[in-house]
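Observations on the three-dimensional arrangement
One letter stands for each residue in the lines below.
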Amino acid sequence: MVVLPLPFPAVIIRRQKKIVAAFRAAGAISQDRATTIAALDVHEGMALRLLRRNAVVREVGENRVYLDEPSWEMREARRHRIARTILTTVLLIAVVAALWLVFR
């Protein structure tokens with residue numbers, strides 16, 4: 001039996017959501033409540049690197065970090081907008097193809 005892994009972007013998104021949940025659970029959502037990655041017990045992999053690169057996780061010195069909630073919300077809204085656009089495009093192509101097959 002072959003087990004197919006989740007598509008790579010889905011894995012990253014799932015891990016990012018876990019990281020965000022860890023920040024929220026620790027209350028590390030502002031500069032004055034920043035904590036260390038070790039204290040959060042999250043994996044320092046690609047998901048975290050992407051969050052840092054996109055300024056969702058911000059460093060405030062002494063290896064302390066916090067979650068920038070507005071940045072996370074904007075990133076999630078953008079991701080949902082892109083997904084809706086892709087879905088709409090695929091559906092439109094399917095409708096056009098179906099109409100072409102019916103009326104050719």
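Just above, that's the structure.
All values reported here derive from a predicted model rather than from experimental measurement. Think of each chain on its own: its residues are numbered from 1, step by step along the sequence as written. At least 70 in pLDDT is required for a residue's local features to be given in this predicted model, at least 80 for side-chain atom pairs to be given and counted, and no such filter applies to totals for whole chains, interfaces and linings, which use all residues. Remark: hydrogens and water are excluded; side-chain values derive from all non-hydrogen atoms of the structure.

1. Structural notes on unusual backbone geometry
Short version of the rule: In this description a helix means any DSSP run of H or I spanning at least four residues, a strand means any run of E spanning at least two, and both kinds are numbered starting from the N terminus.
Even without being a glycine, A55 presents a positive backbone phi close to 60 degrees. With respect to the helices and strands, A55 occurs in the loop between α3 (46–53) and β2 (57–61). Positive phi, normally seen in glycine, also occurs at N63, with a value near 60 degrees.

2. Considering the pattern of salt bridges
As a reminder, the rule being used: In what follows, salt bridge is the name for a side-chain nitrogen of Lys or Arg lying within 4 Å of a carboxyl oxygen of Asp or Glu. Exposure classes here rest on a 1.4 Å probe applied to the protein chains alone. A residue is buried below 20% of its type maximum, exposed above 50%, and partly exposed in between.
Tallied over the full model, the rule gives four salt bridges. One salt bridge in this structure joins R24 and E69, with 2.9 Å as the shortest N-O distance. Taken together, the residues R24 in helix α1 (residues 8–26) and E69 in helix α4 (residues 69–103) connect sequence positions 45 residues apart. Among the residues examined, R24 registers a relative accessible area of 37% and is labelled partly exposed.

3. Quick word on the nonpolar core
The condition is simple: To define a nonpolar core, start from buried Ala, Val, Leu, Ile, Met, Phe, Trp, Tyr and Cys residues and group those joined through side-chain atoms within 4.5 Å. It only takes one pair of heavy atoms within 4.5 Å for two residues to be counted as in contact.
Counting 18 residues, the largest nonpolar core has I19 and F23 as its most contacted members. When residues of this core are assigned to their parent elements, the largest contribution, five residues, is made by α1. Those residues within four positions of I19 in sequence are excluded, and the remaining contacts are V42, H43, A47, L48 and L51.

4. Some thoughts on the environment of I12
Along the chain, I12 falls in helix α1. Once the C-alpha coordinates of I12 and I86 are considered, the two residues, 74 residues apart in sequence, prove to be 19 Å apart. Beyond its immediate stretch of four places on either side in the chain, I12 contacts M46, A47 and L50.

5. Considering the sheet that holds strand β1 (residues 35–36)
What counts, and what does not: Pairs of strands are assigned from DSSP output, requiring at least two bridges between the strands.
On the basis of which strands lie adjacent, the open sheet formed by three strands has the order β1-β3-β2 and antiparallel pairing. With one partner strand each, in any of the chains shown, β1 and β2 form the two edges of the open sheet. Where β1 meets strand β3 (residues 64–67), two bridges bridge the pair, whose relative direction is antiparallel. Residue pairing in the sheet places T35 in a bridge with V65 of β3.

6. Some remarks on the pairing of β2
Pairing of β2 with β3, which is carried by four bridges, proceeds in the antiparallel orientation. Residue G61 lies in a different strand from β3, and its bridge partner there is R64.

7. Observations regarding a nonpolar patch on the surface
Stated precisely, the cut-off is as follows: Like-charged residues are merged into a patch within 9 Å and nonpolar side chains (Val, Leu, Ile, Met, Phe, Trp, Tyr) within 5 Å, provided each residue has over 30% relative accessible area and no salt bridge. The Shrake-Rupley method, run with a 1.4 Å probe sphere, supplies the accessible areas, and residue values consider only the shown protein chains as cover.
On the surface, V95, L99, V102 and F103 cluster together into a nonpolar patch covering about 440 Å² of accessible area. Within the fold, V95 resides in helix α4. With relative accessibility at 46%, the residue V95 sits in the partly exposed group.

8. Considering the packing of α1 against α3
Rules: Orientation is described by axes fitted as lines to C-alpha atoms, over the contacting stretch for helices, and by angles from 0 to 180 degrees between their N-to-C directions. The labels follow the angle: roughly parallel below 35 degrees, roughly antiparallel above 145, roughly perpendicular from 65 to 115, and oblique for the rest. Residues were grouped as follows: Ala, Val, Leu, Ile, Met, Phe, Trp, Tyr, Cys and Pro as nonpolar; Asp, Glu, Lys and Arg as charged; and all remaining residues, including Gly, as polar.
Interaxial distance between α1 and α3 falls to 8 Å at its minimum, and their mutual angle equals 75 degrees. What the angle tells us is that α1 and α3 run roughly perpendicular. Contacts between α1 and α3 involve F8, I12, R15, Q16 and I19 on the former and, on the latter, M46, A47, L48, L50 and L51. Broken down by class, the residue content of the contact of α1 with α3 amounts to eight nonpolar, one polar and one charged.

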